[in-house]
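Take a look at the letters that make up each chain.
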Amino acid sequence: MLVKIFDESHEKDLEESVNEFIKDKDVIDIKYQVAINVSGEEQLYCFSAMILYGK
């Protein structure tokens, strides 16, 4: 089993990156997470995914 981690600041960017990566892989599982940080009046988002896949 192998692992690939993606981290993007926009959910659409994460979606595109993950879809491109998994199109020819034997995916076992995908774990998804969103983190939010507030800095002053600005909200910062971090969208990440960990993909478990086979060769």
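Just so it is clear, the structure is predicted and the values come from calculations on it, not from any experiment.

Let's shift gears to the sheet that holds strand E2 (residues 26-39). The 3 strands are arranged E1-E3-E2 in an open sheet whose pairing can be described as antiparallel. Either end of the sheet is taken by a strand with one partner, and the two such strands are strand E1 (2-8) and E2. Direction aside, the axes of adjacent strands within the sheet are offset by 15 degrees on average. Where E2 and strand E3 (residues 42-54) come together, 13 bridges link them in antiparallel fashion. If you follow Ile30 over to E3, its bridge partner there is Ile51. Strand contacts of helix H1 (residues 11-22): E1, E2 and E3, with the helix running at about 10 degrees to E3, the strand carrying the most contacts.

Cut-offs applied
Residues numbered from 1 in each chain as written. Predicted model: local features only at pLDDT ≥ 70, side-chain atom pairs only at ≥ 80, totals over all residues. Heavy atoms only, no water. Pairing = 2+ DSSP bridges. Helix = DSSP H or I, 4+ residues; strand = E, 2+ residues; numbered from the N terminus. Axes fitted to C-alpha atoms, helices over the stretch in contact; angles between N-to-C directions. Contact = heavy atoms within 4.5 Å.

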